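Spelled out, the chains give:
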Amino acid sequence: MPGPGTASVENSALLNEVDEMFDELKKKKKKEKKNPTVLYGGEAMESLEPSSPPSQKKTKKKSKEKVLFEDPSPALDKSASKSKKSKKRKPDEPLDSEPELKVSKVEQSESEESSEVINPYAVSNFRISEALRRKLKTKGIEALFPIQALTFNAIFKGNDLVGRARTGQGKTLAFVLPILESLSLDVNFKRLHGQYGRAPSVLVLVPTRELAKQVHGDFEFYGEAIGLKTVCVYGGAPYGPQQNAMRRGVDVVVGTPGRIKDLLQRDGLNLKTIKFRVLDEADEMLNMGFVDDVELILGHVEDAANVQTLLFSATMPEWVKKIASKFLKDVKETVDLVGEEKMKASCSVRHLLLPCGRAARAQLIPDVISCYSSGGRTIIFTETKNDASELGSSLPSSRVLHGDIAQAQREVTLAGFRSGKFPVLVATDVAARGLDINDVQLIIQCEPSRDVETYIHRSGRTGRAGKTGVSVLFYDRMKEYMIPTIERKAGFKFERVSAPHPAEIARSACASASEKVVQVSDSVLPIFRPAVDVLLQNSDLSAADLLAKALARIAGLTDVKKRSLLTSQSDFTTVILQSERPFYTPSYAFSSLKRLLPEDVVEKVKGMSLTMDGLGAVFDVPSDLLNSFLSAKATDLSITQLDSLPELQARQERSSSFGRRGGYGGGGGRASGSHARFGRGSSQHQGRQSRRGSFGGGGFRRGR
Ligand SMILES: Nc1ncnc2c1ncn2[C@@H]1O[C@H](COP(=O)(O)OP(=O)(O)OP(=O)(O)O)[C@@H](O)[C@H]1O
């Protein structure tokens with residue numbers, strides 16, 4: 001991206017620093033309950049344990065000592081760090097000079113013995129007014145995230161900017177904060193402040209209605225510090241209130257391109273006094289076919305030389321770069337915290353891959369949730385609106401969100417999910433971008449998405465602001481060829497897992513059921529005890545067995561059903577057909593099978609896959625026919641049941657249209673050379689994978 005006249009922050013030291021910060025944050029999150037420490041500030045930056053980056057921490061000594069800290073990046077003004085007399089701005093003092101990074105300077109007190117961590121990204125190091133700092137503090141934010149720290153001065157100075165960071169790393173505040181600070185000093189803004197009928201100073205374009213509401217919420221909350229009026233405009237809502245708000249006068253308009261264009265064409269929006277325009281999630285706007293709308297809107301700005309344009313995105317496909325060069329000034333800054341070589345998806349997310357066909361989804365999802373959601377919220381992504389509705393109707397504690405649902409209902413659903421009224425949201429990609437919902441622990445993607453960017457954004461709904469999360473991608477053998485492309489383009493290796501084993505699920509379910517039992521007051525004993533006596537008298541089971549059943553019931557489990565290993569279906573069992581000579585293709589294996597069993601029985605087989613050595617064919621059979629398969633034998637062929645999957649050959653790509661559609665790019669290459677390695681992982685996950693070797697597939701029937 002950087003070209004002539006372009007300043008760029010894009011170096012490996014910086015990227016490492018960013019990774020370290022978020023690693024520290026994750027460690028701290030785990031420890032904070034036990035050992036609360038106030039350090040970096042902010043909900044996600046409150047604490048750095050003693051293992052924090054050496055450049056940012058210091059142990060207090062007994063003697064007096066002044067410490068100057070290095071400017072964390074080339075984007076930050078270094079002038080201040082050269083001077084020990086760094087000028088401290090008084091609260092609410094107008095920012096009339098060149099913005100500068102204030103240097104942390106620590107006077108040591110002899111009485112202080114604890115160690116202290118000093119953060120160059122502390123809010124107090126930036127030209128942020130006292131009123132805005134107070135607002136940040138109410139959200140627990142005392143330090144900026146890297147993308148915010150590294151873009152603040154550039155934006156404040158008036159530069160156009162392209163900002164790129166992984167999902168959940170705070171890109172919204174990266175533009176909200178410097179815009180608010182700049183506006184608070186802007187002569188025109190001050191002159192028009194509060195006037196009836198004033199035209200907006202800021203225009204923010206976002207791809208979805210949900211994201212528009214979220215960004216609007218941030219501007220409204222933080223903008224209160226400078227008396228800002230913000231309006232949110234999007235399709236599906238009536239024009240009247242939006243136009244009335246504009247007529248009364250606004251400072252910030254946040255909206256989706258379609259509605260903004262309509263308002264411009266109806267003379268309901270005037271961009272004459274616009275000072276900032278922001279494209280958030282620009283790649284998705286273009287993906288969603290908003291290209292013409294966006295160009296029309298950007299073209300409406302008459303005096304583009306006096307307008308600052310900011311473009312933020314987690315991913316930066318080639319054509320977004322083109323947009324940047326067309327609509328941003330030649331001299332612009334680029335802050336890229338993702339880089340070309342590094343993992344593009346969030347590092348704080350475990351990326352799991354689980355074989356699961358369409359038929360098994362609804363059965364498997366509750367077990368995946370029990371196993372991986374840690375009691376938090378789950379978002380399930382489907383490819384189509386129909387799939388979302390269908391799946392939603394089969395999952396009791398879920399609600400559905402997609403584009404065919406009336407806007408008012410979409411808002412109610414999202415608000416309910418945010419506030420924890422229900423724990424599972426089944427959604428199409430309307431929820432993939434930008435949505436920031438607290439405590440989403442698990443993302444399930446029902447099949448590989450149409451492109452890698454979508455995978456990154458969906459999985460990025462968890463593991464936000466330094467927290468951890470799990471993303472599970474379901475795939476069937478027909479779509480396995482897409483996996484290596486996701487891994488290559490997103491820059492990580494999936495952990496391959498099978499359907500959660502009953503023992504795995506039972507452990508977590510029983511633990512919480514036991515906790516619930518212990519919490520029950522003794523006052524229930526006189527009432528329930530007689531019923532226990534009757535139960536014991538009438539049952540052949542021991543008291544311990546009955547208690548075990550009671551725990552299972554409390555956990556909502558009434559039955560354990562085995563699941564097949566290949567397609568995760570509960571009424572199927574996985575077997576292997578072994579031969580002395582290799583099966584060269586799956587159809588060769590089918591032919592051999594037909595020598596042992598009638599054709600109508602063989603037709604019921606699912607997921608035929610060959611072992612790495614070609615001497616075995618693994619497939620799922622209906623459990624009620626298992627005995628027929630196990631007893632079928634020939635001198636050179638035998639069938640046995642499997643408890644875990646052996647290493648399998650990857651399926652070859654079926655269609656080359658995948659690559660041609662441009663989905664995953666790269667010309668739709670084959671999955672050749674890559675192999676399904678169930679029960680084993682990439683070297684980086686080997687430890688965890690071997691433990692999961694016990695996953696053999698299975699599931700529970702739920703009683704509630
Ligand atoms: N400096 C900060 N300290 C603590 N929390 C922060 C800070 N900045 C932002 N956050 C929180 O981090 C979360 C993620 O922020 P945000 O939604 O802006 O991320 P994003 O980079 O835009 O993600 P996405 O790419 O998914 O849209 C939000 O809950 C936000 O309140």
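Residues numbered from 1 in each chain as written. Predicted model: local features only at pLDDT ≥ 70, side-chain atom pairs only at ≥ 80, totals over all residues.

### Considerations on the overall build of the protein
The condition that has to hold: For the purposes of this entry, the term helix denotes a DSSP run of H or I that reaches at least four residues, the term strand denotes a run of E that reaches at least two, and both are numbered from the N terminus. Each residue is classed by its C-beta neighbour count within 10 Å, where at least 20 other C-beta atoms makes it buried, 12 or fewer makes it exposed, and intermediate counts make it partly exposed; the C-beta atoms are placed from backbone geometry. By the convention adopted here, residues are in contact when the distance between their C-beta atoms, placed from the backbone, does not exceed 7 Å.
When you go through the protein residue by residue, the secondary structure sums to 25 helices and 25 strands. The burial tally for the protein puts 46% of its 704 residues in the buried class. Across the protein, the fraction of contacts at a sequence separation of at least 24, relative to all contacts at a separation of at least 6, is 76%.

### Looking at the packing of helix α4 (residues 146–157) against helix α5 (residues 171–185)
Our working definition: Throughout, an axis means a line fitted to C-alpha atoms (over the contacting stretch in the case of helices), and angles, computed between N-to-C directions, take values from 0 to 180 degrees. Note on angle classes: values under 35 degrees are labelled roughly parallel, values over 145 roughly antiparallel, values of 65 to 115 roughly perpendicular, and the remainder oblique. Handedness of a crossing is defined here by the sense of rotation of the near helix relative to the far one, left-handed for an anticlockwise turn of less than a right angle and right-handed for a clockwise turn. The classification used treats Ala, Val, Leu, Ile, Met, Phe, Trp, Tyr, Cys and Pro as nonpolar, Asp, Glu, Lys and Arg as charged, and all other residues, Gly among them, as polar.
Two elements in contact, α4 and α5, have axes whose closest approach is 9 Å; the angle formed by their N-to-C orientations is 30 degrees. Between α4 and α5, the angle falls in the class roughly parallel. Here the hand of the crossing between α4 and α5 comes out right-handed. Note on element contacts: α5 touches α4 through Lys 171, Leu 173, Ala 174, Phe 175, Leu 177, Pro 178, Glu 181 and Ser 182, opposite Ile 147, Gln 148, Thr 151, Phe 152, Ile 155 and Phe 156. Looking at side-chain class alone, the contact of α4 with α5 contains nine nonpolar, three polar and two charged residues.

### Remarks on the sheet that holds strand β19 (residues 572–579)
Test applied: Strand pairing requires that DSSP identify at least two bridges connecting the strands.
If you walk across this open sheet you meet the four strands as β20-β21-β19-β22, and the pairing is antiparallel. If you trace the sheet from one side to the other, it starts and ends with β20 (606–610) and β22 (637–641), each paired once. When strand polarity is set aside, the average angle formed by the axes of neighbouring strands in this sheet is 25 degrees. As paired elements, β19 and β22 share five bridges and run antiparallel to each other. Within β22, the position partnered with Gln 578 by the bridge is Ser 638. Strands in contact with helix α21 (residues 586–596) are β19, β20, β21 (616–622) and β22; relative to β20, the strand with the most contacts, it is inclined by about 110 degrees.

### A closer look at the environment of Pro 500
With respect to the helices and strands, Pro 500 occurs in the loop between β17 (495–496) and α18 (502–519). Along the backbone, Pro 500 and Ile 365 are 135 residues apart, and their C-alpha atoms lie at a distance of 9.9 Å.

### Let's talk about unusual backbone geometry
Despite not being glycine, Asp 267 has its phi angle at roughly 60 degrees, a positive value. Here Asp 267 is to be found in the loop between α9 (257–265) and β8 (276–280). By C-beta crowding, Asp 267 is classed as exposed, having 9 other C-beta atoms within 10 Å. Residue Asp 439 is not a glycine yet carries a positive backbone phi of 65 degrees.

### Overview of the confidence of the model for the protein
Here is the rule we go by: Scored from 0 to 100, pLDDT reflects the predictor's confidence in each residue.
This prediction gives the protein a mean pLDDT of 75; 74% of its residues lie at or above 70. Low pLDDT (under 50) marks residues 1–13, which in the prediction has 23 contacts with non-local residues, meaning those over four places away or in another chain. Note that pLDDT drops below 50 for residues 653–704; the model gives that stretch 121 contacts with residues more than four away or on any other chain. Interface confidence for the predicted complex, expressed as ipTM, amounts to 0.97; the pTM equals 0.62.

### Remarks on the sheet that holds β17
Overall, parallel pairing links the seven strands, which are arranged β13-β14-β12-β15-β16-β11-β17 in an open sheet. This sheet does not close on itself; its edge strands, each paired only once, are β13 (398–401) and β17. Judged from the seven bridges that link them, strand β11 (residues 349–355) and strand β16 (residues 469–475) form a sheet pairing that is parallel. Pairing of Pro 355 across the sheet is with Tyr 475, part of β16. Strands in contact with helix α14 (residues 385–394) are β12 (377–381), β13 and β14 (424–427); relative to β13, the strand with the most contacts, it is inclined by about 170 degrees. Strands in contact with helix α15 (residues 407–418) are β12, β13 and β14; relative to β13, the strand with the most contacts, it is inclined by about 140 degrees.

### Re the pairing of β16
Let me state the cut-off plainly: Look down the strands so they point away from you; if the path from the first strand over the helix to the second goes clockwise, the crossover is right-handed.
The element β16 is largely enclosed, with a buried count of seven among its seven residues. Residue alternation in β16 divides its side chains into two sets, Gly 469, Ser 471, Leu 473 and Tyr 475 and Val 470, Val 472 and Phe 474, and both sets are buried. Across four bridges, the pairing between strand β15 (residues 440–445) and β16 is parallel. Within β16, the residue paired with Leu 442 across the bridge is Val 470. Read from β15 through helix α16 (residues 452–459) to β16, the crossover connection turns out right-handed.

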